[in-house]
Every structure is written in C-alpha cells, then in structure tokens.
Amino acid sequence: MHQVQLKVLDARLADQLPTYATPGSAGLDLRAALSAPLTLQPGQTELIPTGIAIHLGDPGLAALILPRSGLGHKHGIVLGNLVGLIDSDYQGPLMVSCWNRGSQAFTIQPLDRLAQLIVVPVVQVGFERVEEFHATERGTGGFGSTGKS
Ligand SMILES: O=c1ccn([C@H]2C[C@H](O)[C@@H](COP(=O)(O)OP(=O)(O)OP(=O)(O)O)O2)c(=O)[nH]1
Ligand SMILES: [Mg+2]
C-alpha cells in the first residue's frame, strides 16, 4: 500500500482520518470540518473544508474527489466542480465544493461524511507535434459514430 503524507488541520479529525471502509474499497470518505450545521438550499454551492491536507508527492499519482452515491442519488448532494482533481504537488487544505442540485434543502452536520477521495495513477505526457496521424479504424469518428450502417 502506498503511504501518503497527511496533515490534520482540524483536531476533531485526528481520530477520524480517512480509511477504507472494507478491504476492497476504492474510496476514502472525507468529512465536513464544519463548526455548525450547514443547510444548503436547492441550487446552493459551498466550499467545505475537510480538516486535512495531503501531499501525494509523486507526479505518477493524483487524487479525485467524487460524490458519495447515497448523498448524490437520494439527496442531490454532489460536487460543484463535478469532480475534484488533487494535484500531486498540492499541499493545501482538501476542500469539497458541495452543490445541492436537488429540490429540497439539505443540512450537513459537522463531521458528516460528504464526499470520497480516490488515489489514481497518472501518466504525464509530452507532445510530439505531427502533421498527420497513422490511420486507424476509427479515424475522426466519435460521438455515436459506431454502430451506424
Ligand atoms: O475539489 C477540489 C479541487 C481542487 N482542490 C485543490 C487541489 C488541487 O491541486 C488544487 C487546484 O485544483 P484545480 O487545478 O482543479 O483548480 P484550478 O482552478 O485549475 O486552480 P489552479 O490554478 O490553482 O490549478 O485545488 C481541492 O482541494 N478540492
Ligand atoms: Mg489547475
């Protein structure tokens, strides 16, 4: 298992660090480091601190912040940026942009689990500029081009 440096920015998180809920989990739940309940009205978006910072420290890694499926599906609580991308050199507080895309107000309680973090491999690329690509079966077809007769 990779080891990733983590700073506790809010002491309440010290004994609630992100963990994998089951041996096969991909996601680590992130909590809302709020000092008081926060009600998001329909359509409202707020930036919520998680009380922690991580430093991946390896350009071959990134972290993604994703919605929790229960909150997103049942309550419309998703991410204002749809997906959060955490760069490997980022050392600041992990923040969650929380968007109530639903039609009911929703209250987030302090330390609620409100999103999840996954760490993924990344390949950084350089660009070799060319005038023509080698031909492929797909070529420039996209956006539903396959399966048409
Ligand atoms: O949901 C998020 C998304 C980003 N970040 C942090 C980590 C990331 O490395 C940094 C920058 O994010 P991004 O590159 O997506 O934002 P930007 O608008 O391009 O800002 P920048 O100019 O700082 O790169 O902000 C978060 O804490 N939460
Ligand atoms: Mg950026």
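Residues numbered from 1 in each chain as written. Chains lettered and ligands numbered in written order. Predicted model: local features only at pLDDT ≥ 70, side-chain atom pairs only at ≥ 80, totals over all residues. Heavy atoms only, no water.

Draft legend 1. Examining the sheet that holds strand 2 (residues 28-31) more closely. One open sheet accounts for four strands, arranged 2-10-5-7; its pairing is antiparallel. Two strands close off the open sheet at either side, each with one partner strand: strand 2 and strand 7 (84-86). Averaged over neighbouring strand pairs, the angle between their axes works out to 30° when direction is ignored. Pairing analysis gives three bridges linking strand 5 (residues 61-67) to strand 7, with the strands arranged antiparallel. (Pairing = 2+ DSSP bridges. Helix = DSSP H or I, 4+ residues; strand = E, 2+ residues; numbered from the N terminus. Axes fitted to C-alpha atoms, helices over the stretch in contact; angles between N-to-C directions.)

Draft legend 2. Highlighting the UniProt feature "binding site: substrate" (unreviewed entry) in the protein chain. Sites flagged by UniProt as "binding site: substrate" (unreviewed entry) map to Arg-68, Ser-69, Gly-70, Asn-81, Leu-85, Ile-86 and Asp-87. A maximum C-alpha distance of 26.4 Å among these annotated residues, which run over 20 residues, shows that they spread across the structure rather than meeting at one spot. Mapping Arg-68 onto the fold places it in the loop between strand 5 and helix 1 (69-75). The class for Arg-68 is partly exposed, based on a relative accessible area of 22%. Among all residues touching Arg-68, those that are not within four sequence positions of it are Asp-29, Arg-113, Leu-114, Ala-115 and Gln-116. Residue placement: Leu-85 occurs in strand 7. Residue classification places Leu-85 among the exposed residues on the basis of a relative accessible area of 55%. Look past the residues within four positions of Leu-85 in its chain and what remains in contact with it is Ala-62, Ala-63 and Leu-64. (UniProt positions renumbered as here; feature names shortened; annotations may be inferred. Buried < 20%, exposed > 50% of the residue type's maximum accessible area, 1.4 Å probe, protein only. Contact = heavy atoms within 4.5 Å.)

Draft legend 3. Examining the nonpolar core more closely. Within the largest apolar cluster, 26 residues are counted, with the highest numbers of intra-cluster contacts made by Ile-65, Ile-108, Leu-114 and Leu-117. Secondary structure elements with two or more residues in this core: strand 2, strand 4 (45-55), strand 5, strand 6 (77-79), strand 8 (93-100), strand 9 (106-108) and strand 10 (113-121). In contact with Leu-114, not counting residues within four places along its chain, are Leu-30, Arg-31, Ala-32, Ile-48, Arg-68, Leu-71, Val-96, Cys-98 and Ile-108. (Core = buried A, V, L, I, M, F, W, Y, C linked by side-chain atoms within 4.5 Å.)

Draft legend 4. Broad picture of the sheet that holds strand 6. Read across the open sheet, the four strands follow the order 1-4-8-6; overall the sheet is antiparallel. Single-partner strands in this sheet number two, and they are strand 1 (5-8) and strand 6. Taken pair by pair, the neighbouring strands of this sheet meet at an average axis angle of 45°, ignoring direction. Note that strand 4 and strand 8 share six bridges and pair antiparallel. Bridge pairing links Ile-48 to Val-96 in strand 8.

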